[in-house]
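# Residue-level structure breakdown
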Amino acid sequence: MRLRKVKHAEDTIKNHPDKIVEIPRGTTVNLEKKIDDRPLDLEIGAGKGQFIHTLSKNHPDRFFLAVERYDSVIVRALEKFIEDPRENVLLIQADAAVLKDSLKPHSVDTIYLNFSDPWPKVRHAKRRLTHPQFLSLYKTLLKPEGVLEFKTDNRNLFEYTLETMNGFGMDFKEVCLDLHKAYEPETLIMTEFEERFSKEGPIYKLTATFKEAHNEENL
Ligand SMILES: C[S@@+](CC[C@H](N)C(=O)[O-])C[C@H]1O[C@@H](n2cnc3c(N)ncnc32)[C@H](O)[C@@H]1O
């Protein structure tokens, strides 16, 4: 993906350490110290932050982490929280892979993946956020009863994800092939990509847990 450089991004991020943490690859930050004991939800690939901003506003009883790897993108999310601050959110500029060493295992209640990059070429499959390597990370991060929610406009990525999750023994709670037909749009928290792509075709959504897989671990 080609990204436009945002001139002030680095400075804006540096100036708001209370709202955003940078975790460069190969380093770790102990995020435990920065979160509290409220239920913990995590969005990976948060983009410009519309989803996490609305969700955190609707749920002051929960704590949210939102991870995005590009500074020129996450700075747009940061600007939303500068304009309308929320004490229950921490933005993280990092590749999702670094979370393994930054969060306590089995500490997350919900993981949201919204409109993840499809990486259509087979040679790039490892970059897909629903590749088995990432599922393994999510299994480590989620509590045994924790939930993974995934939505996309990309049918191929959705089918790929059903396969990888199935291969991982995940338990599907909901599989929806047209989210905006199944639910009143006002009841949905839309992302920037969702607003753009729901006009062009169906939005697919699934909710799944590792519950069975965790239980097998205990046998
Ligand atoms: C297609 S955009 C969707 C953004 C937003 N979720 C939405 O629905 O509007 C996907 C985002 O995921 C981010 N992303 C992809 N892989 C990532 C990774 N491994 N770690 C962190 N962010 C990632 C990209 O930088 C991009 O901003």
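That block above? That's the structure.
Residues numbered from 1 in each chain as written. Predicted model: local features only at pLDDT ≥ 70, side-chain atom pairs only at ≥ 80, totals over all residues.

A few words on the pairing of strand S3 (residues 63-68). Counting buried residues in S3 gives six out of six residues, a clear majority hidden from the surface. Going residue by residue along S3, you find Phe63, Leu65 and Val67 tucked away on one face and Phe64, Ala66 and Glu68 tucked away on the opposite face as well. By the bridge criterion, five bridges tie S3 to strand S4 (residues 89-93) in an arrangement that is parallel. Residue phenylalanine 64 lies in a different strand from S4, and its bridge partner there is valine 89. (Buried ≥ 20, exposed ≤ 12 C-beta atoms within 10 Å, placed from the backbone. Helix = DSSP H or I, 4+ residues; strand = E, 2+ residues; numbered from the N terminus. Pairing = 2+ DSSP bridges.)

Bringing the pairing of strand S5 (residues 108-114) into the picture now. Burial within S5 is extensive, with five of its seven residues counted as buried. Bridge count between strand S2 (residues 40-44) and S5: four bridges; the pairing is parallel. The partner of leucine 42 across the bridge, within S5, is isoleucine 111. Strand direction decides the pairing type here: S5 and strand S6 (residues 142-152), joined by six bridges, are parallel.

The subject of this paragraph is the nonpolar core. Counting residues in each nonpolar core, the largest one holds 45 residues, and the members touching the most others are Ala66, Val67, Leu91 and Ile111. With six residues, helix H3 (residues 71-83) is the largest single contributor of residues to this core. Leave out the neighbours within four places in its chain, and isoleucine 111 touches Leu42, Ile44, Tyr138, Leu141, Leu142 and Leu148. The next biggest cluster of nonpolar side chains, apart from the first, holds five residues, and it includes Leu157, Phe158, Leu179 and Tyr204. (Core = buried A, V, L, I, M, F, W, Y, C linked by C-beta atoms within 7 Å. Contact = placed C-beta atoms within 7 Å.)

All we've got here are geometric facts, nothing functional implied.
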